[in-house]
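Notes for the structure review
The lines below spell out each chain.
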Amino acid sequence: MLRQSIQTTLIAFIFVVAFYAGAAMGHGKVSLEEDNCVRQAGGNMVHLSTYQPQYDQNEQYCTDLPAAGDTYLVVDLLDQNLRNMPVGIKVFRGSAEEGEAVAQINANYHPDGVVSGVGKLDKGLYSVVVTAEGIPPLNYHYQLRVEMIDYGKVARTWVGPGLVMLLLSWLMYRLVQSGRLRSLLGTRSQ
């Protein structure tokens, strides 16, 4: 009886994990307001994309990079106003206030709306600061995690399936204890 309950619970868990849509980690097609790669300051928005073609030619990342190495940073200036002012990028190891600068793209005009550059990033935390030199200057901040696991995100991803699993286990236990499962299976086998 217990063995059957464990098997049923295991099958339910596999089913929940296989079909849990929240586990998808892709960037996806979301609106700008919901996109975690978009930053807004002074009514203007920028979008950060990072690429590591030496590992995956087609994958676009935002702030969680899977491996250390050459990283291409691409900032899209989403608002026309930003294209009419000098924009630069600085990448700091650690925090922007206390970290050392490891890469920099000098401020310049970008009429096409794209600021891009490459830097070699080792494992660790980095701060990316995009600065539009207007009056007043606009700063957009990103925190990059290179070759690190975000345990908070992993925990949030698995809380839903874990709770469903616990609920299914409890329901199965209650069903087995009540004898309804035996009577249900007994009437079907006759």
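First, a word on what this report is: a plain description of the structure on this page. (Residues numbered from 1 in each chain as written. Predicted model: local features only at pLDDT ≥ 70, side-chain atom pairs only at ≥ 80, totals over all residues. Heavy atoms only, no water.)

Looking now at helix 2 (residues 151-178). Relative to the 40 Å expected for 28 residues at 1.5 Å per residue, helix 2 spans 39 Å between its end C-alpha atoms, a close match to the ideal helical length. Where helix 2 bends most, at V159, the angle is about 35 degrees, and the proline P161 comes one to four residues later. Those residues of helix 2 not exposed but buried are T157, P161, M165, M172 and V176. Downstream of helix 2 by one or two residues, G179 has phi in the positive range, about 85 degrees. (Helix = DSSP H or I, 4+ residues; strand = E, 2+ residues; numbered from the N terminus. Expected span 1.5 Å × (residues − 1). Bend = angle between axes of the 7 residues up to and from the residue. Buried < 20%, exposed > 50% of the residue type's maximum accessible area, 1.4 Å probe, protein only.)

Quick look at the nonpolar core now. In terms of nonpolar packing, the biggest core is built from 25 residues, with V75, L82, V130 and L144 touching the most fellow members. Mapped by element, the contributors of at least two residues to this core are strand 2 (44-51), strand 4 (69-77), strand 5 (87-93), strand 7 (114-121), strand 8 (124-132) and strand 9 (138-146). Among the elements that make up this core, the one with the highest residue count is strand 9 (five residues). Leave out the neighbours within four places in its chain, and V130 touches V75, V87, G88, I89, L138, N139, Y140 and Y142. (Core = buried A, V, L, I, M, F, W, Y, C linked by side-chain atoms within 4.5 Å. Contact = heavy atoms within 4.5 Å.)

By the definition in use, this model includes one disulfide. Each sulfur in the disulfide pair C37 and C62 lies 2.1 Å from the other. Pair noted here: C37 is in the loop between helix 1 (2-19) and strand 1 (38-41) and C62 is in the loop between strand 2 and strand 3 (64-65), with a separation of 25 residues, a long-range link. Exposure class is identical for C37 and C62. Each is buried. (Disulfide = S-S within 2.5 Å.)

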